[in-house]
Amino acid sequence: MTEIQLYNTLTRTKEAFEPIDANNVRMYVCGPTVYDYAHIGNARPVIVFDVLFRLLRHVYGEDKVTYVRNITDVDDKINARAVKEHPGMELNAAIREVTERTANQYQKDMHALGNLDPTIEPRATENIDGMIRLIETLIEKGHAYQAGGEVLFDVTSMPNYGALSNRNLDEMQAGARVEVEAHKKNPGDFVLWKLSDETQPGWPSPWGHGRPGWHIECSAMSERYIGKHFDIHAGGIDLVFPHHENEIAQTCCAHGIDKMSNVWMHNGFLQIEGEKMSKSLGNFYTIADLLEGDKFGGRVWPGDVLRLAMLMTNYREPIDFTKKRLEDAEKTLNRWRSTILKLGLSFSEENREEYEALGPCSKLLAHLANDLNMSGVLAELHRHAGGDREHNGRRLFGSLQLLGLVTFDDMQAFEVEQNKGPSHEKSDEIEAKIQARLAHLNAKEWAEADGIRDELTALGVQLKDGKDDAGNRITTWELL
């Protein structure tokens, strides 16, 4: 069996992954708060940990891996959005409209990016009873207290609080969703339950009509679906503190255990064209903006291109999401697909079962198992694409399939399109671009000429430069 090595944020080392039970490998990834459409930064952890999910299924078996990714559908941001968008509507109905619409869009976006559905996708509102039971246990054990209309976790009651984020308790500030108030014993104490007034959603509890704090939601959902102690907990690097730190505190203190998850994994931040993504900077893009609109780079970007662009940087490193990165990803995908066909694979229905069973070569799998080492994975993909045998094509397709970058149906549609050849209208467009490029070459405008060549390559057109008998530049072309 392939040995998997994963970097553990908790220990700050790369470790051999040993599941608690190889017949029931369990992973929890923090999902969205559905008050607005997910932005492109939200796509990165889903794509990264979808690749990990695929790897675990490949190594241990599809029926032996449970992947839980939650949906947070109770949150003060949701309440505010519901009131803003639906003034005058009954609050619960307004909240339901916002959460259903945004959750549906999120799932649509994730499918378009090539992600598998998680095994279980629980909603916070379906798990309120479990949160209340967990809070009751924390109070009984002296880890939580009621004050100022809230139930709060006492961070000083956990001796190693701060181990995940490597912070000393004295240095800590309250979490991003907690206001420091006089009723707290310690500034870092965080909310487990808070009272609701008539303008806020709420549920009955021993402490009054109220709603849960953010952190308790994931502790309750992970416990219900994969247990108090499981294999992998993952999310973006921004969740290390306070969210994941507080999850550990709640779960470990409630159940008297040392670990909530054996491995903690976090992906790096995402920037847009070298700048932090921000609405004030005008560079805030939802996934739907890129998949369905022309707000980034003046065009729509296919989901597989966005996926490869995310995977071109190792997951723990920060990523600069640029138009050039997307263009490079698109050219690479087109080249790989064309190579698969040139090496003799035919995506007719009689080949479906055989091709869908194809997997990666051992070298590529070893790179992927080495903490999702995508630089090594990409090198192997390029090596197979440079081969000249059908075996290379099979390995290339099998590898791309494992990574979620192609499917049999994708390749079938691509093959049909390639066999059609260019339409007359398309041929005229290509010829016009070639003549414009030749004009730039003759004028020694190299950058402009290279730009047109890159455009044509992205369209699957390969150029061949030469000269006629009189020594004039000529360019011929063919589809990749």
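No experiment lies behind these values; they were computed from the predicted model shown.

So, how was this worked out
Residues numbered from 1 in each chain as written. Predicted model: local features only at pLDDT ≥ 70, side-chain atom pairs only at ≥ 80, totals over all residues. Heavy atoms only, no water. Helix = DSSP H or I, 4+ residues; strand = E, 2+ residues; numbered from the N terminus. Contact = heavy atoms within 4.5 Å. Polar contact = N/O pair within 3.5 Å; in protein donor to acceptor, adjacent residues only side chain to side chain. Axes fitted to C-alpha atoms, helices over the stretch in contact; angles between N-to-C directions. Parallel < 35°, antiparallel > 145°, perpendicular 65-115°, else oblique. Left-handed = near helix turned anticlockwise from the far one by under 90°. Nonpolar A, V, L, I, M, F, W, Y, C, P; charged D, E, K, R; others polar. Expected span 1.5 Å × (residues − 1). Buried < 20%, exposed > 50% of the residue type's maximum accessible area, 1.4 Å probe, protein only. Phe/Tyr/Trp six-rings, centres within 6.5 Å; stacked < 30°, edge-to-face > 60°. Core = buried A, V, L, I, M, F, W, Y, C linked by side-chain atoms within 4.5 Å. Salt bridge = Lys/Arg side-chain N within 4 Å of Asp/Glu carboxyl O. Pairing = 2+ DSSP bridges.

Chemist: What exactly am I supposed to notice about the environment of Gln 250 here?
Modeler: Here Gln 250 is to be found in helix α6 (residues 240-255). In this structure the C-alpha to C-alpha distance between Gln 250 and Cys 218, which are 32 residues apart in sequence, comes to 10.0 Å. Gln 250 has contacts with Leu 138, Phe 153, Phe 190, Leu 192, His 215, Ile 216 and Ser 219, leaving out every residue within four places of it along the chain. Engagement of the side chain of Gln 250 in a polar contact is seen with the backbone oxygen of His 215, the distance being 3.2 Å.

Chemist: Please clarify how the packing of helix α9 (residues 323-342) against helix α12 (residues 374-385) should be interpreted in this entry.
Modeler: When two helices pack together, their arrangement is given by the angle between the helix axes and the distance between those axes. It is at 10 Å that the axes of α9 and α12 come closest, and there the two elements cross at 40°. When the axes of α9 and α12 are compared, the pair comes out oblique. Considering the relative orientation of α9 and α12, their crossing is left-handed. Judged by residue contacts, Thr 332, Arg 335, Trp 336 and Thr 339 of α9 engage Leu 378, Leu 381, His 382 and Ala 385 from α12. The residue inventory of the contact of α9 with α12, partitioned by class, reads four nonpolar, three polar and one charged.

Chemist: Looking at this structure, how should I read α12?
Modeler: Along an α-helix, residues three or four apart share an orientation, since each turn contains 3.6 residues. Compared with an ideal rise of 1.5 Å per residue, which puts twelve residues at 16 Å, α12 spans 16 Å between its outermost C-alpha atoms and is within 8% of the ideal. Every buried residue belonging to α12 is among Met 374, Gly 376, Val 377, Leu 378, Glu 380, Leu 381, His 384 and Ala 385, and all of these are buried. Summarising the contacts, the buried residues of α12 are in contact with α8 (303-311), α9, α11 (362-369) and α13 (390-402).

Chemist: I keep staring at the packing of aromatic side chains and nothing clicks. Help me out?
Modeler: The description of two aromatic rings rests on the distance between their centres and on the angle between their planes. Taken as a whole, this structure holds twelve aromatic pairs when the rule is applied. Pairing Phe 347 with Tyr 355 gives two aromatic rings, centres 5.1 Å apart and planes at 70°, and the pair type is edge-to-face. For the pair formed by Phe 347 and Tyr 355, the shared burial category is buried. Taking 6.3 Å as the distance between ring centres and 55° as the angle between the ring planes, the aromatic pair formed by Tyr 355 and Phe 397 counts as tilted.

Chemist: What is the right way to read the nonpolar core from this model?
Modeler: Across soluble globular proteins, nonpolar side chains have a tendency to be buried as a group. Core analysis: the biggest nonpolar cluster contains 79 residues, and Ile 40, Leu 52, Leu 56 and Phe 321 have the highest contact counts within it. Tallying contributions element by element places helix α1 (residues 40-60) first for this core, with 13 residues. Beyond its immediate stretch of four places on either side in the chain, Phe 321 contacts Ile 40, Leu 270, Gln 271, Ile 272, Glu 273, Leu 290, Phe 296, Leu 306, Ala 309, Met 310 and Leu 326. One finds Val 155, Ala 220, Phe 241 and Trp 264 within the second-largest nonpolar core, a separate group that totals 39 residues.

Chemist: In this structure, what is going on with the pattern of salt bridges? I would like to understand it.
Modeler: Side-chain pairs of opposite charge can arise whenever the charged atoms involved come near each other. Per the stated rule, a full pass over the model turns up 31 salt bridges. One salt bridge in this structure joins Glu 327 and Lys 323, with 3.9 Å as the shortest N-O distance. Separated by four residues within a single helix, Glu 327 and Lys 323 lie in helix α9, roughly one turn from each other. Several salt bridges share partner residues, and in doing so they unite Asp 36, Arg 81, Glu 85, Glu 97, Arg 101 and Lys 279 into one network.

Chemist: Looking at this structure, how should I read the sheet that holds strand β4 (residues 65-69)?
Modeler: Here four strands make up an open sheet; going across it, the order is β4-β3-β9-β10 and the pairing parallel. Edge strands, defined here as strands with exactly one partner in the open sheet, are β4 and β10 (261-267). Strand-to-strand twist across the sheet, computed as the mean angle between neighbouring axes with direction ignored, equals 20°. Seen against the sheet, α6 touches β9 (230-236) and β10 and runs at an angle of roughly 160° to β9.

Chemist: Explain the sheet that holds strand β5 (residues 144-147) here, please?
Modeler: To summarise the sheet geometry, strands pair through backbone hydrogen bonds and adopt either a parallel or an antiparallel arrangement. Spatial ordering of the open sheet is given by β5-β6-β7-β8, a layout of four strands whose pairing is antiparallel. Sheet topology places β5 and β8 (210-212) at the edges, where each strand pairs with a single neighbour. Ignoring which end each strand starts from, the neighbouring axes of this sheet average 20° apart. Strand direction decides the pairing type here: strand β6 (residues 150-153) and strand β7 (residues 190-195), joined by four bridges, are antiparallel. Paired with Glu 150 across the strands is Lys 194, a residue of β7.

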